[in-house]
Amino acid sequence: YIGENFRTYLKKKLKDPEHRKGYELARARLKLQLKIQELAKQKKLSIRELAKRMGTSGTQIQRLLDIESEKDFRLGTLVSISQALGKELVIDFR
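These numbers come from a predicted model, not from an experiment. (Residues numbered from 1 in each chain as written. Predicted model: local features only at pLDDT ≥ 70, side-chain atom pairs only at ≥ 80, totals over all residues. Heavy atoms only, no water.)

Asks: In this structure, what is going on with the overall build of the protein? I would like to understand it.
Replies: Within the protein one finds 5 helices and 0 strands. Written out in order from the N terminus, the α and β elements of the protein read α-α-α-α-α. Here the C-alpha atoms of the protein give a radius of gyration of 16 Å, more than 25% beyond the 12 Å that 2.2 N^0.38 yields for 94 residues. Dimensions of the protein along its principal axes, counting C-alpha atoms only, are 50 × 25 × 20 Å. Counting contacts in the protein only where the partners sit at least 6 residues apart, residues at least 24 apart contribute 52% of the total. For the protein, the exposed surface amounts to about 7,800 Å²; the carbon and sulfur share of it is 52%. Within the protein, one finds 22 positive and 12 negative side-chain charges whose respective centroids are separated by 4 Å. (Helix = DSSP H or I, 4+ residues; strand = E, 2+ residues; numbered from the N terminus. Rg over C-alpha atoms; globule rule 2.2 N^0.38 Å. Contact = heavy atoms within 4.5 Å. Areas by Shrake-Rupley, 256 points an atom, 1.4 Å probe, with all protein chains shown as cover. Lys, Arg positive; Asp, Glu negative; His and termini not counted. Charge placed at Lys NZ, Arg CZ, Asp CG, Glu CD.)

Shown next, in the form of structure tokens:
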């Protein structure tokens, strides 16, 4: 993509439905990971403490929150995380 800036390159790539799907999935995953980390930090919860509240291992939560991970969130996991953080899970389409 010599001579193009990244936004132009990305705009072209996102015209392909497969690329768009992968991009949107990665974007949503990253937003979730960052939001969960932010909320845990606000509550002063470590990964281990969050996991304990959820009844799972710290390793499992660490894998989910690793931004290099391509592991998807299950709805049940998101509900458990929201309960452990004392937050309501809201899912919205825009």
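Asks: What is the right way to look at the layout of surface pockets in this model?
Replies: A probe matching the size of a water molecule, rolled over the atoms, marks out where space remains unfilled. Computed from the structure, the largest pocket encloses a volume of approximately 930 Å³. Considering the residues around the largest pocket, the lining is formed by 25 residues, among which Ala-28, Leu-32, Val-90, Ile-91 and Asp-92 are closest to the centre. Listed by contribution, the elements that provide at least two residues to the lining of the largest pocket are helix H2 (17-42) and helix H5 (75-85). Among the elements that take part in the lining of the largest pocket, H2 stands out by supplying 10 residues, more than any other. Its residues placed into classes, the lining of the largest pocket shows 14 nonpolar, 1 polar and 10 charged. Taken together, Met-54, Thr-56, Gln-60, Ile-61, Leu-64, Lys-71, Asp-72, Arg-74, Thr-77 and Ser-80 form the lining of the second largest pocket. Of all elements in the fold, only helix H4 (58-65) and H5 reach the threshold of two or more residues within the lining of the second largest pocket. Looking at which element gives the most residues to the lining of the second largest pocket, the answer is H4, with 3 residues. Grouping the constituent residues of the lining of the second largest pocket by class yields 3 nonpolar, 4 polar and 3 charged. (1 Å grid on protein atoms, 1.4 Å probe; cavity = no way out; pocket = protein on both sides within 12 Å on 5 of 7 lines; lining within 4 Å. Points joined across faces, edges and corners; volume = space filled by probe spheres on them. Nonpolar A, V, L, I, M, F, W, Y, C, P; charged D, E, K, R; others polar.)

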